[in-house]
Amino acid sequence: MNSSLVLVVNCGSSSLKLAVVESKSGERVIEALAERLFTPKASMEIRSQEMGETRIGLSDADHGQAFEVFATHLAAEQELNGRIIAVSHRVVHGGEYFHCPVLVDEEVLQKIEACSGLAPLHNPANLQGIHAATKHFPGLPQVVVFDTAFHQTLPETAYLYAIPYGLYEQQQLRRYGFHGTSHHYLMLEAARRLGQAVEKTNLLTVHLGNGCSACAIRRGRSVDTTMGLTPLEGLVMGTRSGDLDPGLILHLLEHMGYSPEETDELLNHQSGLLGLSGLSNDMRTLEESARTGNRQAELAIEVFCFRLAKSVAALTVSCAPLDALVFSGGIGENSVLVRKRTLAWLEPLGFVLDKQKNEVHGEDSDGRISPKNAPDVRVIPTDEEVMLARGAVSLIAGESP
Ligand code: AMP
């Protein structure tokens, strides 16, 4: 792959993350994060190798206005003049349309729009990013990389819900999976560290950030994952409940007077670690509180680890014999305690933890935190932005993704 600079764009519902990434090394030449968009407190922080750190107030700005501020800043960076070759956008939901990165055209925009019903907070924001970038960088190819694309290899057995089949055929109600860019990166990096061809590698990758998902990878293809039609399914997350009895939702609606909006708020924003602990969605805060005797914080961590271990065990049926179990994301990369508790639950399946290596996140052993005679368990930092940059460069160079 040629070494090239790519502007990577990640639009959240109220945030905008931008970075100019050197596609081969992954180096960030410039990074920006705009937060609290649509509020008087909106602001952007820009960190650049050439111009240092800048903080800009953006009062009530939307994605387009924030992008404009960044584009103006970028134009002042002499070093970057004319060196960026493409813009690469993260798009959350690509439905069944997209299996790999694609160049933006009218048809692609329409399909992203068509998937908006399945990701109402994310896809419209992603589209705003594409429109803003097209306006400010009309001469650059615009590429989109989908969170769902890596999981388009899921077999029917893994993606179908056991509901009337017509709902899949007519409404595309099925499991899609998310965090695909991260699981894809972890697969490539794990295979590299294992010294194996990707096509011969079986993995279980666990992305634990504010959102959490696990993925079973068989011979280089995603074959099962914990998130479903939406990112609400699966593991316990920062503020999302993950799996629960669908009957509980009916109970809320029919017997407790919840509206659909209130149910959405409860399950997406008030549940998970936050709901269980009544304290915080942040694992670091919970660990600190548990250490000083907060029982609810302790309980939230316990449920989080138990549910994670249960999902890892379930996913193993799709990817045994396993070459490695990989922990990643803010929690997976940094929490000694979560890895320890989760692996303790997995001892009946033969998993063993090397305590010392776990303490230092496997930094002295290529990420490995299990002894040589036990299943391989690794900590690998994820890098979704470099995947976005590389996806764009490969597409433009005409290489298969
Ligand atoms: P991410 O969304 O990938 O940035 O991950 C955010 C999550 O990682 C939050 O729950 C953080 O509390 C957690 N996290 C980051 N650093 C640590 C740490 N040192 N120990 C435990 N959790 C951490």
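Residues numbered from 1 in each chain as written. Predicted model: local features only at pLDDT ≥ 70, side-chain atom pairs only at ≥ 80, totals over all residues. Heavy atoms only, no water.

The name that an unreviewed UniProt entry assigns to the protein chain is Acetate kinase, with the source organism given as Thiolapillus brandeum. UniProt lists a comment for the protein chain under the heading Subunit (unreviewed entry), and it reads "Homodimer." Per its UniProt entry, the protein chain bears the Pathway (unreviewed entry) comment "Metabolic intermediate biosynthesis; acetyl-CoA biosynthesis; acetyl-CoA from acetate: step 1/2." (UniProt positions renumbered as here; feature names shortened; annotations may be inferred.)

Draft legend 1. A look at the site of the ligand. Residues in close proximity to the ligand include Gly-209, Asn-210, Asn-281, Asp-282, Met-283, Arg-284, Glu-287, Gly-329, Gly-330, Ile-331, Asn-334 and Ser-335, which together make up its full environment. One of the backbone nitrogen or oxygen atoms of Met-283 is found 3.0 Å away from an oxygen atom of the ligand. Contacts to the ligand include Gly-330, whose backbone N or O atom sits 2.9 Å from an oxygen atom. For the ligand, whose accessible area on its own is 510 Å², the fraction buried by protein is 70%. Residue assignment for the shell around the ligand shows that the elements contributing at least two residues are helix H10 (283-291) and helix H12 (329-334). (Near = heavy atom within 4 Å. Polar contact = N/O pair within 3.5 Å; in protein donor to acceptor, adjacent residues only side chain to side chain. Areas by Shrake-Rupley, 256 points an atom, 1.4 Å probe, with all protein chains shown as cover. Helix = DSSP H or I, 4+ residues; strand = E, 2+ residues; numbered from the N terminus.)

Draft legend 2. Representation of the pattern of salt bridges within the structure. Within this structure, the stated rule accounts for 17 salt bridges. A salt bridge links Arg-341 to Glu-302, with the shortest nitrogen-to-oxygen separation between them at 3.2 Å. A residue pair is termed long-range when its members are at least 10 positions apart, and Arg-341 in helix H13 (residues 336-345) and Glu-302 in helix H11 (residues 295-319) qualify at 39 residues. Overall, Arg-341 belongs to the buried group, its relative accessible area being 19%. Residues Asp-376 and Arg-378 are paired through a salt bridge, measuring 2.9 Å at the closest nitrogen-oxygen approach. Like Asp-376, the residue Arg-378 is buried in the burial classification. Three or more residues joined by partner-sharing salt bridges are found here, namely Lys-17, Arg-28, Asp-383 and Glu-385. (Salt bridge = Lys/Arg side-chain N within 4 Å of Asp/Glu carboxyl O. Buried < 20%, exposed > 50% of the residue type's maximum accessible area, 1.4 Å probe, protein only.)

Draft legend 3. Layout of the pairing of strand E3 (residues 28-35). Relative to E3, strand E2 (residues 16-22) runs antiparallel, the two sharing six bridges. When the sheet's bridge partners are listed, Leu-16 is paired in E3 with Ala-34. Between E2 and E3, which pair antiparallel one after the other, the connecting turn spans five residues, and Gly-26 there sits at a positive phi close to 85 degrees. Sheet topology note: the E3/strand E4 (residues 43-48) ladder contains six bridges and is antiparallel. Looking at the pairing, Glu-31 lines up with Arg-47 of E4. (Pairing = 2+ DSSP bridges.)

Draft legend 4. Region of interest: the sheet that holds strand E7 (residues 102-103). Pairing in this open sheet of eight strands is mixed, and the strands run E5-E4-E3-E2-E1-E6-E8-E7 from one edge to the other. The sheet is open, and its two borders are formed by strand E5 (52-57) and E7, each paired with just one other strand. Here E4 runs beside E5; their pairing, made up of six bridges, is antiparallel. Paired with Arg-47 across the bridge in E5 is Glu-53. Each of strand E1 (5-11), strand E6 (84-91) and strand E8 (142-146) touches helix H3 (residues 123-136); the most contacted strand, E6, lies at about 165 degrees to it. (Contact = heavy atoms within 4.5 Å. Axes fitted to C-alpha atoms, helices over the stretch in contact; angles between N-to-C directions.)

Draft legend 5. A look at a negative patch on the surface. A contiguous patch of negative charge on the surface is contributed by Glu-261, Glu-262, Asp-264 and Glu-265. Position of Asp-264 among the secondary structure elements: in helix H8 (residues 260-269). Asp-264 gets classed as partly exposed once you look at its relative accessible area, which sits at 40%. (Patch = residues over 30% accessible without salt bridge, like charges linked within 9 Å, V, L, I, M, F, W, Y side chains within 5 Å. Lys, Arg positive; Asp, Glu negative; His and termini not counted. Charge placed at Lys NZ, Arg CZ, Asp CG, Glu CD.)

Draft legend 6. Up close: the side chain of Thr-201. For Thr-201, the location among the structural elements is in the loop between helix H6 (180-194) and strand E9 (203-208). Among the polar contacts made by the side chain of Thr-201, one reaches the side chain of Gln-196 at a distance of 3.1 Å. Excluding anything up to four places from it in sequence, Thr-201 contacts Ala-191, Leu-194, Gln-196, Ile-217, Arg-218, Arg-219, Gly-220 and Asp-323.

Draft legend 7. Representation of the nonpolar core in the model. Ranked by internal contacts, the top residues of the largest apolar core, which has 38 residues, are Leu-204, Val-206, Leu-208, Phe-304, Leu-325 and Leu-343. Only E9, strand E10 (212-218), H10, H11, strand E12 (324-328), H13 and strand E13 (377-379) provide two or more residues apiece to this core. Considering each element in turn, this core owes the most residues, 10 residues, to H11. The residues contacting Leu-204, other than those within four sequence positions of it, are Ala-214, Cys-215, Val-312, Leu-315, Thr-316, Cys-319, Leu-322, Ala-324, Leu-325 and Val-326. Within the second largest apolar cluster, 30 residues are counted, among which are Leu-5, Ile-30, Ala-133 and Phe-137. (Core = buried A, V, L, I, M, F, W, Y, C linked by side-chain atoms within 4.5 Å.)

Draft legend 8. Seen up close, the UniProt feature "site: Transition state stabilizer" (unreviewed entry) in the protein chain. Under the UniProt annotation, the feature "site: Transition state stabilizer" (unreviewed entry) is placed at His-179 and Arg-240. Counting through the fold element by element, His-179 comes out in the loop between helix H5 (165-171) and H6. His-179 gets classed as buried once you look at its relative accessible area, which sits at 11%. Ignoring any residue separated from it by four or fewer positions in sequence, one finds His-179 in contact with Asp-147, His-151, His-207, Gly-211, Cys-212, Ser-213 and Met-227. Relative to the helices and strands, Arg-240 resides in the loop between strand E11 (221-225) and helix H7 (246-255).

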